[in-house]
Amino acid sequence: THLLGQDDSKDNAVGIRATFANNVYLNSMDRMPRLRYGYAHVYNCVMDSRDILNARLSLGTSPLAAKFVSNGAASTCGAQVLLENCFIRGIQDALNSGNGSSPAGYINAINSLYSMNGKYVDLVVKNKTSADDDILITDADAFIASLPYADYVLYDAEEATGIVPYYAGAGKLNLEVS
């Protein structure tokens, strides 16, 4: 879905700062977002991949099942990612530090809900790197204090499922040039 920093080389990724607010990720398999080296603030987002996960599980041990990944947000190469007030459902690896040969990054989620198989479960950062890295957790308070903006509206994570999709999608945003 969103890949920022296309490879582990710092050449193209230094200084990336991104905000993902009020987004709906419906049946995406990966990169909600994935970031190298920079900083990403993800808030009021709904990430729902139940249909993709169910399709994968229905394939059982078929080699085709391996083609379906179930990753949410990923932080690699020392990037910092903070998810705030997000609702995450049907994603096996919702928070990932590192990815394959890419080294670990800092990641955390606060005031967010995670549902698997119809039950709320703890949101845990997973080490997804083949390197021998430790899982790195973003300091949420320090991250928020460093944001270049202070005024943003946060929805309760569960309420976001009713609010955010209503305003999301093609044709829902009108930009006016003055």
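One can find the structure itself at the top, above this paragraph.
Residues numbered from 1 in each chain as written. Predicted model: local features only at pLDDT ≥ 70, side-chain atom pairs only at ≥ 80, totals over all residues. Heavy atoms only, no water.

(A) Main features of the overall build of the protein. The number of helices and strands found in the protein is three helices and 15 strands. Computed over C-alpha atoms, the radius of gyration of the protein comes to 16 Å, within 12% of the 16 Å expected from 2.2 N^0.38 for 178 residues, which places it in the range of a compact globule. Put simply, the protein has 178 residues, and 41% of those count as buried. Considering only contacts in the protein between residues 6 or more positions apart, those separated by 24 or more positions represent 69%. Counting every atom, the protein has about 9,700 Å² of accessible surface; 49% of that belongs to carbon and sulfur. The positive charge centre, built from 13 side chains, and the negative charge centre, built from 19, are 9 Å apart in the protein. (Helix = DSSP H or I, 4+ residues; strand = E, 2+ residues; numbered from the N terminus. Rg over C-alpha atoms; globule rule 2.2 N^0.38 Å. Buried < 20%, exposed > 50% of the residue type's maximum accessible area, 1.4 Å probe, protein only. Contact = heavy atoms within 4.5 Å. Areas by Shrake-Rupley, 256 points an atom, 1.4 Å probe, with all protein chains shown as cover. Lys, Arg positive; Asp, Glu negative; His and termini not counted. Charge placed at Lys NZ, Arg CZ, Asp CG, Glu CD.)

(B) Quick peek at the nonpolar core. In this structure, Val42, Met47, Leu83 and Ile88 are the most contacted members of the largest nonpolar core, which totals 27 residues. For Ile88, the residues in contact, after removing those within four places along its chain, are Met47, Leu83, Ala94, Leu113, Tyr114, Ser115 and Leu123. Within the second largest apolar cluster, six residues are counted, among which are Tyr43, Leu82, Phe143 and Tyr152. (Core = buried A, V, L, I, M, F, W, Y, C linked by side-chain atoms within 4.5 Å.)

(C) Fine view of the pattern of salt bridges. By the definition in use, this model includes five salt bridges. The partner of Asp93 in a salt bridge is Lys128, with the nearest N and O atoms 2.6 Å apart. On the criterion of sequence distance, the pair formed by Asp93 in strand S10 (residues 93-100) and Lys128 in strand S14 (residues 125-129) is long-range, its members being 35 residues apart. A relative accessible area of 15% places Asp93 in the buried class. Among the charged side chains, a salt-bridge network with shared partners connects Asp48, Arg50 and Arg89. (Salt bridge = Lys/Arg side-chain N within 4 Å of Asp/Glu carboxyl O.)

(D) How the structure looks around the side chain of Asp93. Engagement of the side chain of Asp93 in a polar contact is seen with the side chain of Lys126, the distance being 2.8 Å. Setting aside residues no more than four positions away along its own chain, Asp93 makes contact with Ser70, Asn71, Gly72, Lys126 and Lys128. (Polar contact = N/O pair within 3.5 Å; in protein donor to acceptor, adjacent residues only side chain to side chain.)

(E) Geometry of the sheet that holds strand S4 (residues 34-36). Spatial strand order, S1-S4-S7-S10-S14: five strands in an open sheet with parallel pairing. Across the chains shown, the open sheet's two edge strands, defined by having one partner strand only, are strand S1 (3-4) and S14. (Pairing = 2+ DSSP bridges.)

(F) Focus on the packing of aromatic side chains. Going through the model one piece at a time under the given rule, you end up with four aromatic pairs. Geometrically, the ring pair formed by Phe87 and Tyr120 is edge-to-face, given 6.4 Å between the ring centres and 85° between the ring planes. With a gap of 33 residues between them, Phe87 in strand S9 (residues 87-89) and Tyr120 in strand S13 (residues 119-120) connect regions that are remote in the sequence. Look at Phe87 and you get buried, because its relative accessible area is 3%. A ring pair is formed by Tyr166 and Tyr167, whose centres lie 4.8 Å apart and whose planes are at 85°; its orientation type is edge-to-face. For the pair Tyr166 and Tyr167, one class covers both residues: exposed. (Phe/Tyr/Trp six-rings, centres within 6.5 Å; stacked < 30°, edge-to-face > 60°.)

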